[in-house]
Amino acid sequence: MSLSSGLACSGKIGGMTSLPNLDQLTPEQLRALAAQLMQRVESLDQKVETMGKKIHRDQTLIEKLTHEIAQLKRFKFAKRSEQLSPDQVSLLDDLIDTDIAAIEAELEALKPARASTEVRQKPKRTALPPQFPRTLIHHEPDNSHCQCGCALKRIGEDVSEKLDYTPGVFTVERHIRGKWVCDQCETLIQAPVPAQVIDKGIPTSGLLAHVMIAKFADHLPLYRQESIFGRAGLVIARSTLAQWVGNCGVQLQPLVDALRNTLLEHSVLHADETPVSMLAPGKKKTHKAYVWAYCTTPFADLKAAIYDFAPSRAGEHARTFLGDWRGKLVCDDYAGYKAGFGNGITEIGCMAHARRKFYDLHEANKSELAAKALEYIGGLYEIERETKDLPPDMRREIRQTKAKPLADALHQWMLAHRQKVPDGSGTAKALDYSLKRWEALTRYLDDGAVPIDNNWVENQIRPWALGRSNWLFAGSLRSGQRAAAVMTLIQSAKLNRHDPYAYLKDVLTRLPTQKNNAIDELLPHNWKPAIPNKV
């Protein structure tokens, strides 16, 4: 009798259901059995070690988040600085409440799943106003027969209500889940509760999307949204709105992480950064934080922009974001990017920055030399306009034929005139800016997939400039990172010509049931609007 047949007769050895009769095994079979058992023990040891590490990581994170939430709560109820205006205090309250909600959502995800037998007390919730229009949505079992073959009988229903909103009007979705029972075997069947981003919450995905778009696209702080909702007939406390925003931010983060991974698969990227004031809890003054923006080029098939909020302008933040990425980076001359250029990243200069030096010079004193430089650079941009819709290989060919001779002439002209102007003058500085960076400025000529300048990413970073005048500052590093994540999805949706509200509403509807290995389907460049059912 072979070992496999002996084990088959005695039960599963892998699952340790039972052991074979050792007296009936040959020495070879005993050795094979011992080897299997040792392999099983080793596998279990590895699983225990892995689980131990995970538990340790989770416990460390729980302690960190618990400490962070305690700090936020202390700051929330502490005496505020008189240097803050009432609007700034309202903004800070919104941000603190949102941070607390986000941390609580992360802590909840780290907790072990509750046993199904555990009875949870249902929270008492004020009924939604009866004057709001109701839409009835029925959820019934797919099959009206029990597994035993008998017909099911409807004996009742469970009803829950969700609050929806279109600008100026509240409506209510009334979800009705029928209860069906089999008289023969007493089996009770009921359609499951539809999954939602905020478990057992009242907002529909449409209301959540509206709050998120209003806050992060239209830059309306939550205390202003509270007033707008009040005029529509229902005051939703800003603390509640903050909880919704915090929860949604946590739920949407996996999409941003997946989009970053997709972005870093491309060999040519733009990068830029802009300052944002950040108020650290417990301090009376703001300090300068930065939003770093990364995006694909206008020539790429992927249309995406990703924002990374960081506490400073240190180059380490760019290096952390890019990680092991190796490619061509279109950027300005900021020193923070320089370290990456020695580690497999190729610098692509920005011709618009070079042009700006001569433009400012010409605006200041009508310099004829600056006017001539602008004429040369204008010729290079005219060629770019002619080739913007061509494939990369054809664009490169035309650049080599038309733009390269013009760029070479400009370079020689700059070298000649640099000898004629005194050091330290405005003209010398304008010429030196281009001459010192000439190789980086003209690399685009050799690759049709590389743009001439960094203007594309500067356009993507404009929403932050608009937002600064409304929300004045980020309340914390966490709130800045949350804003960056949500604005990443909104801006990328715009780049793919989606309505950001329709995109976010659909994503928040599908996200709770979306499989992890199918998360890419919800990214802006892959997303397809849901087709409504025809009646």
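Provided above is the structure to which this section pertains.
Residues numbered from 1 in each chain as written. Predicted model: local features only at pLDDT ≥ 70, side-chain atom pairs only at ≥ 80, totals over all residues. Heavy atoms only, no water.

**Let's talk about the overall build of the protein**
Point 1. Each helix and strand counted, the protein has 16 helices and nine strands in total.
Point 2. A burial count over the protein gives 44% of its 535 residues as buried.
Point 3. In the protein, once contacts between residues fewer than 6 apart in sequence are set aside, the share between residues at least 24 apart is 65%.
Point 4. If you sum the accessible surface of the protein, you get close to 29,000 Å²; carbon and sulfur atoms cover 53% of it. (Helix = DSSP H or I, 4+ residues; strand = E, 2+ residues; numbered from the N terminus. Buried < 20%, exposed > 50% of the residue type's maximum accessible area, 1.4 Å probe, protein only. Contact = heavy atoms within 4.5 Å. Areas by Shrake-Rupley, 256 points an atom, 1.4 Å probe, with all protein chains shown as cover.)

**Some words on the side chain of Asp272**
Point 1. One can find Asp272 in strand β5 (residues 268-279).
Point 2. Although Asp272 is buried, it makes no salt bridge; Arg313 carries the closest opposite charge, 6.3 Å away.
Point 3. Sequence-distant contacts of Asp272, defined by excluding residues within four places in its chain, comprise Val291, Trp292, Ala293, Asp332, Tyr337, Asn454, Val457, Glu458 and Ile461. (Lys, Arg positive; Asp, Glu negative; His and termini not counted. Salt bridge = Lys/Arg side-chain N within 4 Å of Asp/Glu carboxyl O.)

**Considering unusual backbone geometry**
Point 1. Phi angles above zero are rare outside glycine, and Lys200 is one such case at about 60 degrees.
Point 2. Structurally, Lys200 can be placed in the loop between β4 (188-190) and α4 (205-216).
Point 3. Owing to a relative accessible area of 53%, Lys200 belongs among the exposed residues under this scheme.
Point 4. Phi at Lys366 takes a positive value of approximately 55 degrees, unusual for a residue other than glycine.

**Brief notes about the environment of Ala258**
Point 1. Turning to its location among the elements, Ala258 is positioned in helix α6 (residues 238-263).
Point 2. Sequence separation of Ala258 and Asp520 is 262 residues, and the distance between their C-alpha atoms is 6.8 Å.
Point 3. Aside from chain neighbours lying at most four places away, what touches Ala258 is Ile519, Asp520 and Leu523.

**So, the sheet that holds β5**
Pairing between the strands of a sheet is mediated by backbone hydrogen bonds and can be parallel or antiparallel.
Point 1. Read across the sheet, five strands follow the order β7-β6-β5-β8-β9 without closing on themselves; strand pairing throughout is mixed. Because the sheet does not close on itself, it has two edges, and the strands there are β7 (305-310) and β9 (346-348). Strand after strand, the sheet turns through a mean of 30 degrees between neighbouring axes, direction not considered.
Point 2. Relative to strand β8 (residues 328-330), β5 is paired through three bridges, and the arrangement is parallel. Looking across to β8, one finds that Val268 is bridged to Lys328.
Point 3. Across the face of the sheet, helix α15 (residues 477-495) comes into contact with β5 and β7 while running at roughly 170 degrees to β7. (Pairing = 2+ DSSP bridges. Axes fitted to C-alpha atoms, helices over the stretch in contact; angles between N-to-C directions.)

**Some details on the pattern of salt bridges**
When the charged atoms of two side chains with opposite charge come close together, those side chains can pair.
Point 1. Inspection of every chain in the model, using the stated rule, returns 24 salt bridges.
Point 2. For Lys179, the salt bridge identified is with Asp158, shortest N-O distance 3.5 Å. You can see Lys179 sitting in strand β3 (residues 169-181) and its partner Asp158 sitting in strand β2 (residues 153-166), a full 21 residues away along the chain.
Point 3. Its relative accessible area of 26% is what places Lys179 among the partly exposed residues.
Point 4. The residue Arg443 makes a salt bridge to Glu439 at a minimum N-O spacing of 3.2 Å.
Point 5. Overlapping salt bridges, with partners in common, bring together Asp333, Lys338, Glu347 and Arg437 in one network.

**Overview of the nonpolar core**
Point 1. Counting residues in hydrophobic clusters, the biggest one holds 83 residues, and the most contacted among them are Leu163 and Leu329.
Point 2. Tallying contributions element by element places α6 first for this core, with eleven residues.
Point 3. Residues Ala373, Trp413, Val421 and Ala430 belong to the second largest nonpolar core, which totals 35 residues. (Core = buried A, V, L, I, M, F, W, Y, C linked by side-chain atoms within 4.5 Å.)

**Structural notes on the packing of helix α10 (residues 392-418) against helix α11 (residues 426-436)**
Point 1. Packing of α10 against α11 brings their axes to within 10 Å, and their N-to-C directions diverge by 140 degrees. Considered as vectors, α10 and α11 are oriented oblique to each other. Note on packing geometry: the crossing formed by α10 with α11 is left-handed. Residues His411, Trp413, Met414, Leu415, His417 and Arg418 of α10 pack against Ala428, Leu431, Asp432, Ser434 and Leu435 of α11.
Point 2. Considered class by class, the residues forming the contact of α10 with α11 number six nonpolar, three polar and two charged. (Parallel < 35°, antiparallel > 145°, perpendicular 65-115°, else oblique. Left-handed = near helix turned anticlockwise from the far one by under 90°. Nonpolar A, V, L, I, M, F, W, Y, C, P; charged D, E, K, R; others polar.)

**Let's talk about the packing of α4 against helix α5 (residues 222-231)**
Point 1. At a minimum axis distance of 10 Å, the contact between α4 and α5 shows a crossing angle of 130 degrees. By the criterion of interaxial angle, the relationship of α4 to α5 is oblique. The handedness of the crossing between α4 and α5 is right-handed. Here Leu207, His210, Val211, Ala214 and Lys215 of α4 lie close against α5, whose contacting residues are Leu222, Gln225 and Phe229.
Point 2. Split by residue class, the contact of α4 with α5 holds five nonpolar, two polar and one charged.

**A few points about the pairing of β2**
On a regular strand, one side chain projects to one face of the sheet and the next to the other, so that they alternate.
Point 1. Here 13 bridges tie β2 to β3, and the two strands are oriented antiparallel to one another. Looking at the pairing, Asp158 lines up with Arg177 of β3.
Point 2. Taking the residues that link successive antiparallel strands as the turn, the β2-β3 hairpin has two residues, and the phi of Gly168 there is positive, at about 90 degrees.

**Here's the deal with the packing of aromatic side chains**
Point 1. Applying the stated rule across the entire model yields eleven aromatic pairs.
Point 2. Ring geometry for Tyr165 against Phe229: centres 4.8 Å apart, planes inclined by 90 degrees, an arrangement best described as edge-to-face. Residue Tyr165 is located in strand β2, and its partner Phe229 is located in helix α5; the two are separated by 64 residues in the primary sequence.
Point 3. Given a relative accessible area of 3%, Tyr165 falls into the buried group.
Point 4. Ring geometry for Tyr334 and Tyr337: centres 5.9 Å apart, planes at 90 degrees, overall edge-to-face.
Point 5. Exposure remark for Tyr337: the relative accessible area of 3% places this residue in the buried category.
Point 6. Ring-pair connections join several aromatic residues into one group, and the members of that group are Phe132, Tyr165, Phe170 and Phe229.
Point 7. When the ring centre of Phe321 is taken as reference, the NZ or CZ atom of Arg260 above it lies at 5.0 Å. (Phe/Tyr/Trp six-rings, centres within 6.5 Å; stacked < 30°, edge-to-face > 60°. Lys NZ or Arg CZ within 6 Å of the ring centre and 35° of its normal.)

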